[in-house]
Amino acid sequence: MQINSRQFKFARHLSVCVRESRGIFANMLWLKVAGLGCLAAFLHVYVGLGLLWTLSVVFATHLATGGWRFALVVVKTLPRDFRGLLALIKLNLKVQSHLHKKSTIAKLFQERVKKHPSKLCFIFEDQTWTYQQVEEHANRVANYFHDAGFRKGDVVSVFMENSPQTIFFWMGLSKIGVVSALINFNLRLETLAHSINAAESKALIFGGEMSEGKVDILQRLPVNMSLFCSGQMVSNDLMPTFLDPHLARASILPPPSVDLSFKDKLFYIYTSGTTGLPKAAIVTHARFFYMSYGVNQLFRISSQDIIYNTLPLYHTAGGILGVGQLLHSGVTMVIRRKFSASQFWLDCVKYNCTVAQYIGEICRYLLVQPFRPEEQQHRVRLMFGNGVKPQIWRQFQERFGVSLIGEFYGATEGNCSVVNFENKVGAVGFTTRIAPFLYPVTLLKVDPANGDIVRDKHGLCVHAKPGEVGEMAGKIVTGRPAREFDGYVQKSATDRKIIHDVFRKGDRAFLTGDLLMMDELGYLYFHDRTGDTFRWRGENVSTSEVEAIISNHAGLKDAVVYGVEVPGSEGRAGMAAIADENFNLDLNALTIAMQKSLPQYARPVFLRLMTSVDTTGTFKLMKTDLRKEAFDPNKIRDRLYYFNAVAGRYQPLTPSIYAGICNGTVRI
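Residues numbered from 1 in each chain as written. Predicted model: local features only at pLDDT ≥ 70, side-chain atom pairs only at ≥ 80, totals over all residues. Heavy atoms only, no water.

Asker: Account for the overall build of the chain, naming residues and giving values.
Answerer: Along the backbone of the chain there are 20 helices and 28 strands. For the chain, the proportion of contacts with a sequence separation of at least 24, taken over those separated by at least 6, is 69%. Entry remark: accessible area of the chain is about 29400 Å², with carbon and sulfur atoms responsible for 53%. (Helix = DSSP H or I, 4+ residues; strand = E, 2+ residues; numbered from the N terminus. Contact = heavy atoms within 4.5 Å. Areas by Shrake-Rupley, 256 points an atom, 1.4 Å probe, with all protein chains shown as cover.)

Listed below in structure tokens is the structure:
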């Protein structure tokens, strides 16, 4: 069949339209598929081309408009996207089913107990609990507090070191609709009192080990707050009700029935507080389920697995993603009171662990440990968590023989979690480029000068293209638990995390506060926190990138990078605080290493050598106070250095040099 000039011009016109649309919708490849489909329909039906000619023209148009790139994306990502899609569909179906049945986490645990009541559930300091024993302990808690007058909607703060008791308490309280506020056991004084009060707690349950020195917070708490102690107190300063004898007498039968749903609050988990006082994030039964179920499916955790959990149980990674595997697979979990780098592999061998968790800097802490035979004798096949630096990813796997590093990204309160289950070095997860509408998680373009979200002439947000840094955001969809934003206890804190008029007028999205970059295949890479990236010499500096490079070249020491204001200079100069306990850091070697690895604008102008660097309870490096103290030797007792560009090396920062920098007589 031949085509006439009218048909050819029409086909060429459509080809131009498709090519132009490619530039507009570069990050929405599915639109190109739709465009090509429309082209085929027009050619076949309206223009009158035969099937063979239609396919030929469409294929030629596809190639002419850069279709080979799209084809490559499809070939490389379709298996990954298909697996992720199946997990997403299965997750949504289960969530909808549990919503309909008004399930709760406690009820789901009961179903697991019925399947294997005698199986080991927890191992802790050589003590063991079966699934049936855990259920009985939770029932004792529920019955005692119900008899004590606690009812649905009440809040009880739980403040104790890692142990199965923490889980007994929040699960037992949840059976009667009481919400637990899981308090960071590292908190003290004002921050501790703030966390308890912010949750509007009616009572405080604390472990006996936490009693020492806590009498000073009593005056900061409501006078009518009830205090309960579990375990042996190490101090007699407080006058609580001792729970152990009461719980021993409580019934192990299910407590009185309470009308609960899958969307009810389960407990509160607090933000780390790196940028201010901690905020209480709301975790519903549904949120607990879908966060932990996604990990279960994509990392293929089974009932045969034994999980080694050294992470804080007041935090999402250990307390939800880890503990949640009890519901989904009926695993056995080994809990450690506190993380120990020297005992990590010894414990994994001792308890035959097959899965272990990490977060923050844990992988780096393990790498700096001296060789132990156990690090090659363990059975750990999977380590999952978030925060492993790409610079040590392969090194960690090669040394310890862990076949899969399962990295994920997500916030406790957020609606945009992503997972990397393919060992893609450095990636925190992925999103589909073929059909992004299936999972409404995206990167919003930001202004590099001020970090603000960029909007187009219509006032709508702009997608960050592959290779561009953008802020992660998740579209809020009411009625779909996985897409809702439950927020914080304080409404004002919730409102600050919501952005309006994102891709169409009236829609809303949750802003994570994190900057990520997406490559052409849809893999996502963490760049920095929005407040941590700073500009110097007209360039953007990623603190996380500089921290990783300094740490690697300084023997995997703790390193914190931040920007400090310098009088008379635009932007912020880079400053690095490095843990150098033995005062043996070779600054000349570090300088050479940074010159090889970092552009000039990203190299720290100032160094602060400290005996140790503070971290949060979840092993995040703290920098708020360091940023405030800046580089003033009159206020800082640690050793300070500045980079002397003339000498080409770091030299001591004395008060006179500091004064010269501030008045402009010493150039940096």
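Asker: Talk me through the pairing of strand β18 (residues 469–475); I want residue IDs and the actual numbers.
Answerer: In terms of residue burial, β18 counts as a mostly covered element, since five of its seven residues are buried. As defined by bridge partners, β18 adjoins strand β20 (residues 508–518) across six bridges and the pair is classed as antiparallel. Counted as the bridge partner of Lys475 is Ala509 from β20. (Buried < 20%, exposed > 50% of the residue type's maximum accessible area, 1.4 Å probe, protein only. Pairing = 2+ DSSP bridges.)

Asker: Please set out the packing of helix α17 (residues 543–553) against helix α18 (residues 587–597) residue by residue, giving values where relevant.
Answerer: Close contact between α17 and α18 brings their axes to 10 Å; oriented N to C, the two are set at 140 degrees. Between α17 and α18, the crossing angle belongs to the class labelled oblique. Crossing angle aside, the handedness with which α17 passes α18 is right-handed. Taken together, the residues of α18 that come into contact with α17 (itself represented by Ile549, Ile550 and His553) are Leu590, Ala593, Met594 and Ser597. (Axes fitted to C-alpha atoms, helices over the stretch in contact; angles between N-to-C directions. Parallel < 35°, antiparallel > 145°, perpendicular 65-115°, else oblique. Left-handed = near helix turned anticlockwise from the far one by under 90°.)

Asker: I'd like to hear about the nonpolar core, residue by residue, with values.
Answerer: Soluble, globular proteins show a tendency: their nonpolar side chains are buried together. One finds Phe122, Phe145, Trp170, Phe288, Trp345, Met383 and Phe396 to be the most contacted residues of the largest nonpolar core, which totals 133 residues. Of the residues forming this core, the biggest block, eight residues, is contributed by helix α10 (residues 285–298). In terms of nonpolar packing, the next biggest core, distinct from the first, is built from 42 residues, Val605, Phe606, Leu626 and Tyr650 among them. (Core = buried A, V, L, I, M, F, W, Y, C linked by side-chain atoms within 4.5 Å.)

Asker: Give me the lowdown on the side chain of Ser551, citing residues and values where you can.
Answerer: Structurally, Ser551 can be placed in helix α17. For Ser551, a relative accessible area of 4% translates into the label buried. What Ser551 contacts, discounting residues up to four positions off in sequence, is Arg364, Leu556, Lys557 and Ala559.

Asker: Could you give an account of the confidence of the model for the chain, naming the residues involved and the relevant values?
Answerer: Where the model shows low pLDDT, its predicted coordinates should not be examined in detail. Of all residues in the chain, 86% have pLDDT values of 70 or greater, and the mean over the chain is 86. Throughout residues 7–11 the model reports pLDDT below 50, and contacts reaching past four residues in sequence, or to other chains, amount to eight contacts. For the stretch residues 13–31, pLDDT sits under 50, and the model shows 31 contacts to residues farther than four places along the chain or on other chains. (pLDDT = per-residue confidence, 0-100.)

Asker: Give a description of helix α15 (residues 390–400) that names residues and reports values.
Answerer: Of the positions making up α15, those classed as buried are Ile392, Trp393, Phe396, Gln397 and Phe400. Angularly, the buried residues of α15 cover 140 degrees about the axis, an arc narrow enough to put them on a single face. Among the residues trailing α15, Gly401 stands out with phi positive, at a value near 70 degrees. (Arc of directions from axis to C-beta.)

Asker: Tell me what's going on with the packing of aromatic side chains, and back it up with residues and numbers.
Answerer: According to the stated counting rule, one finds 27 aromatic pairs in the structure shown. Seen from their ring centres, Tyr308 and Phe344 are 5.1 Å apart, and the 80 degrees between their planes marks the pair as edge-to-face. One end of the pair, Tyr308, is in strand β10 (residues 306–309); the other, Phe344, is in helix α13 (residues 344–350), and 36 residues separate them in sequence. No difference in accessibility class separates Tyr308 from Phe344, as the two residues are buried. An aromatic cluster of three or more residues is present, and its members are Tyr308, Phe339, Phe344, Trp345, Tyr365, Phe396 and Phe400. (Phe/Tyr/Trp six-rings, centres within 6.5 Å; stacked < 30°, edge-to-face > 60°.)

Asker: Break down the sheet that holds strand β27 (residues 639–644) for me, citing the residues and quoting the values.
Answerer: Across the sheet, which stays open at both edges, the five strands sit in the order β24-β25-β26-β27-β28 with mixed pairing between neighbours. Sheet topology places β24 (559–564) and β28 (649–652) at the edges, where each strand pairs with a single neighbour. Ignoring which end each strand starts from, the neighbouring axes of this sheet average 25 degrees apart. Alignment of strand β25 (residues 573–579) against strand β26 (residues 606–610), held across five bridges, turns out to be parallel. Within the sheet, the bridge partner assigned to Met575 lies in β26 and is Phe606. The sheet strands contacting α17 are β24 and β25, and the helix crosses β24 at an angle near 140 degrees.

Asker: Could you give an account of the sheet that holds strand β4 (residues 179–182), with specific residues and numbers?
Answerer: As summarised here, the arrangement of the seven strands in space is β7-β6-β5-β3-β4-β8-β9, forming an open sheet in which the pairing is mixed. Both outer strands of the open sheet, β7 (241–242) and β9 (280–284), are each paired with one neighbouring strand and no more. The pairing of β4 with strand β8 (residues 265–270) spans three bridges and is parallel. Each residue of the ladder has a partner; that of Leu182, found in β8, is Ile269.

Asker: Outline α18, supporting the account with residue identities and numerical values.
Answerer: The periodicity of an α-helix, 3.6 residues per turn, causes residues three or four positions apart to be oriented the same way. Of the residues making up α18, those classed as buried are Leu587, Leu590, Thr591, Ala593 and Met594. What you see down the axis of α18 is that its buried residues fit within an arc of 165 degrees, all on one side. Each element contacted by the buried residues of α18 is listed here: α17, β25, β26, β27 and β28. Its side-chain oxygen placed 3.1 Å from the backbone nitrogen of Asn588, Asp586 serves as the N-cap of α18. (Polar contact = N/O pair within 3.5 Å; in protein donor to acceptor, adjacent residues only side chain to side chain.)

Asker: Describe a positive patch on the surface, and please don't skip the residues or the numbers.
Answerer: A contiguous patch of positive charge on the surface is contributed by Lys90, Lys94, Lys101 and Lys115. No other element matches the three residues that helix α4 (residues 67–101) contributes to the positive patch. If you trace the backbone, Lys94 turns up in helix α4. Classification of Lys94 by relative accessible area gives partly exposed; the value is 33%. (Patch = residues over 30% accessible without salt bridge, like charges linked within 9 Å, V, L, I, M, F, W, Y side chains within 5 Å. Salt bridge = Lys/Arg side-chain N within 4 Å of Asp/Glu carboxyl O. Lys, Arg positive; Asp, Glu negative; His and termini not counted. Charge placed at Lys NZ, Arg CZ, Asp CG, Glu CD.)

Asker: Could you give an account of the pattern of salt bridges, naming the residues involved and the relevant values?
Answerer: Counting across every chain of the model gives 21 salt bridges. The partner of Lys350 in a salt bridge is Asp126, with the nearest N and O atoms 3.2 Å apart. Residue Lys350 is located in helix α13, and its partner Asp126 is located in the loop between β1 (120–124) and β2 (127–130); the two are separated by 224 residues in the primary sequence. With a shortest N-O distance of 3.3 Å, Arg572 and Glu565 are connected by a salt bridge. Since its relative accessible area comes to 32%, Arg572 is described here as partly exposed. Accessibility expressed as a relative area gives 56% for Glu565, which makes it exposed. Shared partners join several salt bridges into a network, and the residues in it are Glu125, Glu161, Arg337 and Lys338.

Asker: Could you give an account of the environment of His500, naming the residues involved and the relevant values?
Answerer: One can find His500 in strand β19 (residues 498–500). Once the C-alpha coordinates of His500 and Lys475 are considered, the two residues, 25 residues apart in sequence, prove to be 9.9 Å apart. Contacts of His500, omitting those with residues within four sequence positions, involve Arg455, Asp507 and Arg508.

Asker: So, the state of the cysteines: which residues are in play, and what are the values?
Answerer: In this structure the tally under the stated criterion is zero disulfides. Not part of a disulfide, Cys353 finds its nearest cysteine sulfur in Cys348, a span of 4.8 Å. Using a relative accessible area of 0% as the deciding quantity, one classes Cys353 as buried. (Disulfide = S-S within 2.5 Å.)

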